Structures are given as C-alpha cells and as structure tokens.
Amino acid sequence: HRDLHSFPTRRSSDLFGSIELRAKALEMRGFGSQAVTLLTTYAEQSEKGSARRLLLGGLHGRLGNFQEAIDLCDQVRQTGMNYNEANTAALAILRGNKPSEAQPTKHEQWLQQRTRVEATLREALLREPTSIPLKLHMADVMEMQGKYQEVEKICRAVLRDHDTNLVAINNLAWLLGLHTDSTAEALTLINRAIDKHGPRPELLDTRAVILFHRGSVEESVRDLERVVNEAPTPGRLFHLSQAYERAKNTKSAAAALRRASEMGLSIQQLHPAEHVEYHRAIATLEKRS
C-alpha cells in the first residue's frame, strides 16, 4: 500500500477522514484491535491530535476498554486545549457504553471510570465554581447515577443566571416532563426554549415527550413526525413508536420501532426512566416478527 504521506496535495483533514472511515470499517467487521492500531498510529503522528485522540477514545469506549478511553480524554484535557470537548467526550463514552450488570467485570470497570470522571469534574469545579459547562457536565454524571433531584438542582441554578441556556432548559424540561404533575412547567420551559432557539430537533423531541406524558398524543405525534423527517435518530424513532402505539396506530408503531432497531437502537441511548418501556416494546416487536 502507498504511504498516505505520498499524496502532498491532500489536506491533513482529508487524510484524517479516510483514516476514520477505514477504522470504522474495521470496527464494523469485528476487527476492533486493528482499528485501534490504525487510529493510534495516526493520532501519534501529530502534536495537535486532540480530535484524533478523542476519536480513538470513543473507539476504546465502544470496545469496552474504559480505562484506555478515559485516559485519552484526560490526555486531551491536560493539554489545556479542547478542555470542554474532552469532558464531553468522556461523558459520552460512559453514557453510550454502559455495560449490563450481567457483565460484572466490565460493569465494575465502567463504574471505576465514572467515579474517576466525577472526581475530575468536582476538582475542576473547585477551581472554576461558576463554569456553566462544568456544572452541566456534573449534571450529566448525576443523571447517570439516577440522582435526578441533583440534576434538577444544577439545571435550576444554571438557569437563575443564564435563563436561556439551551442545555439546562432542555434537560430540566425533560426531567419535569416525565412526571404528570410537573408537565405544565416542563411545557412552559421547552416552549420558551423553542421561541428563543427555534424548533431544533432535540427541543421538539423533548416537547413531544412532555406532550405524550400530558396525554396530548396527537400533538406529540405531530412533533415527532416532523423531527423524524428532519433528523431521525434511534431514540426519536422510539419516542414516535410510543406515541403511535398510544394513538392505537399499531402498524406505524411497529414500523417506527423496527426502523429504530435497524438504525442501532440500544437501551444505553435512552433515559433510564424509559428502560422498562424499551424492554416491553422490543419484546412486543419480536413477537410480531
């Protein structure tokens, strides 16, 4: 094979794109270790390889190599460059790859790295107690632990000083929207966010979930159909399937859930409050297949 560096007219970003595609193809074919070798070699070829290291960290996370994944995020964080991106990447790795407790060794490794990330964030907050990104990252860690009152407390604190913060509004509205006795406040919050930031897919998805729990199923379906048409994800298709089912449109519900599964729907992509419904929905789909 010709050396990639033998093509001087190609930009380094183009080369990185081709490397990333090759690594993804190897991963999808089950050659995870080869993909790691490929990305590791390329990341080490540049002094400014932060994005490459975070990409490699994501791969390690998907392979269940949690310490290696968080080590890479720490390396990027310690450079002082892409600090918030490194925290975001670490949290995404933990959130998206949590092993089942039926895998006790992997689950314990995951817990150790979650504790490590939380300690890093707490230390950073002592240095920068007013940092909004750090506060919201901490809220993410609290959510992973099911400490929803802590999440709500952090989001409300952020909104006291920054009342249009997109992440805080969306996350708080989502949490409140899961409970019928607080959906009115949730709807007010998310509509305020939509008025300020526009009908972004993530905001419409949240509003649809709130409407679903308020019993406004037709409105929920309308929002979700728009979202899925513009920016489909497995999680949004799952929500649409739920709404269709509540509207007694079982054929469309099954079709949406099947499409979500084909796109890679997994329980890790859903909020813990949705896990019971996920298992029920998947079992129902399997019976129909």
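Residues numbered from 1 in each chain as written. Predicted model: local features only at pLDDT ≥ 70, side-chain atom pairs only at ≥ 80, totals over all residues. Heavy atoms only, no water.

So what exactly am I meant to see when it comes to the overall build of the chain here?
Each helix and strand counted, the chain has 15 helices and 0 strands in total. For the chain, whose C-alpha radius of gyration is 21 Å, the value lies close to the compact-globule estimate of 19 Å for 289 residues. The dimensions of the chain, computed from C-alpha atoms along their principal axes, are 60 × 50 × 45 Å. Counting contacts in the chain only where the partners sit at least 6 residues apart, residues at least 24 apart contribute 49% of the total. Here the chain has roughly 15,800 Å² of accessible surface; of this, 50% comes from carbon and sulfur atoms. Taking the average location of the 39 positive side-chain charges in the chain and that of its 36 negative ones, the two points are 3 Å from each other. (Helix = DSSP H or I, 4+ residues; strand = E, 2+ residues; numbered from the N terminus. Rg over C-alpha atoms; globule rule 2.2 N^0.38 Å. Contact = heavy atoms within 4.5 Å. Areas by Shrake-Rupley, 256 points an atom, 1.4 Å probe, with all protein chains shown as cover. Lys, Arg positive; Asp, Glu negative; His and termini not counted. Charge placed at Lys NZ, Arg CZ, Asp CG, Glu CD.)

Looking at this model, I keep getting lost on the nonpolar core. Mind explaining?
Soluble globular proteins tend to bury their nonpolar side chains together. In terms of nonpolar packing, the biggest core is built from 49 residues, with Val117, Met138 and Ile190 touching the most fellow members. Mapped onto this core, the elements with two or more residues apiece are α4 (66-78), α5 (83-96), α6 (104-127), α7 (132-144), α8 (148-161), α9 (166-177), α10 (183-197) and α11 (201-214). Among the elements that make up this core, the one with the highest residue count is α7 (8 residues). Ranked by size, the runner-up nonpolar core spans 22 residues in total, among them Leu240, Ala254, Leu270 and Leu285. (Core = buried A, V, L, I, M, F, W, Y, C linked by side-chain atoms within 4.5 Å. Buried < 20%, exposed > 50% of the residue type's maximum accessible area, 1.4 Å probe, protein only.)

Mind showing me how you'd approach the pattern of salt bridges here?
Side chains that differ in sign of charge can pair as their charged atoms come close. All told, the structure shown has 15 salt bridges when counted by the stated rule. For aspartate 74, the salt bridge is made with arginine 116, and the minimal N-O distance between the two is 2.7 Å. Of this pair, aspartate 74 sits in helix α4 while arginine 116 sits in helix α6; the two residues are 42 residues apart in sequence, bridging distant segments of the chain. Taking relative accessible area as the criterion, aspartate 74 reaches 12% and is therefore assigned buried. For aspartate 223, the salt bridge identified is with arginine 207, shortest N-O distance 2.8 Å. Of this pair, aspartate 223 sits in helix α12 (residues 217-230) while arginine 207 sits in helix α11, and the two are 16 residues apart along the sequence. When its relative accessible area of 8% is taken as the criterion, aspartate 223 is described as buried. Each of Asp71, Asp74, Arg77 and Arg116 takes part in salt bridges that share partners, so that together they form one network. (Salt bridge = Lys/Arg side-chain N within 4 Å of Asp/Glu carboxyl O.)

So what exactly am I meant to see when it comes to the confidence of the model for the chain here?
A low pLDDT means the predicted coordinates there should not be read in detail. Chain-level statistics for the chain give a pLDDT mean of 90 and a share of 93% at 70 or above. Low confidence marks residues 1-15, where pLDDT is under 50. Its contacts with residues over four positions away, or in another chain, come to 10 contacts. (pLDDT = per-residue confidence, 0-100.)

Sorry if this is basic, but what is going on with the side chain of histidine 271 here?
Along the chain, histidine 271 falls in the loop between α14 (250-262) and α15 (275-288). Separated by 3.2 Å, the side chains of histidine 271 and glutamate 143 make a polar contact. The contact partners of histidine 271, leaving out residues within four places of it in the chain, are Glu143, Tyr148, Trp174, Leu175 and Leu178. (Polar contact = N/O pair within 3.5 Å; in protein donor to acceptor, adjacent residues only side chain to side chain.)

It is not clear to me how the packing of aromatic side chains should be interpreted in this structure. Could you clarify?
A ring pair, where both rings are aromatic, is described by two values, the distance of the centres and the angle of the planes. Within this structure, the stated rule accounts for 1 aromatic pair. Between phenylalanine 238 and tyrosine 278, the aromatic rings sit 6.4 Å apart at their centres with planes inclined by 50°, giving tilted as the arrangement. Of this pair, phenylalanine 238 sits in helix α13 (residues 234-246) while tyrosine 278 sits in helix α15, placing them 40 residues apart in sequence. The exposure classification of phenylalanine 238 matches that of tyrosine 278, with both residues buried. (Phe/Tyr/Trp six-rings, centres within 6.5 Å; stacked < 30°, edge-to-face > 60°.)

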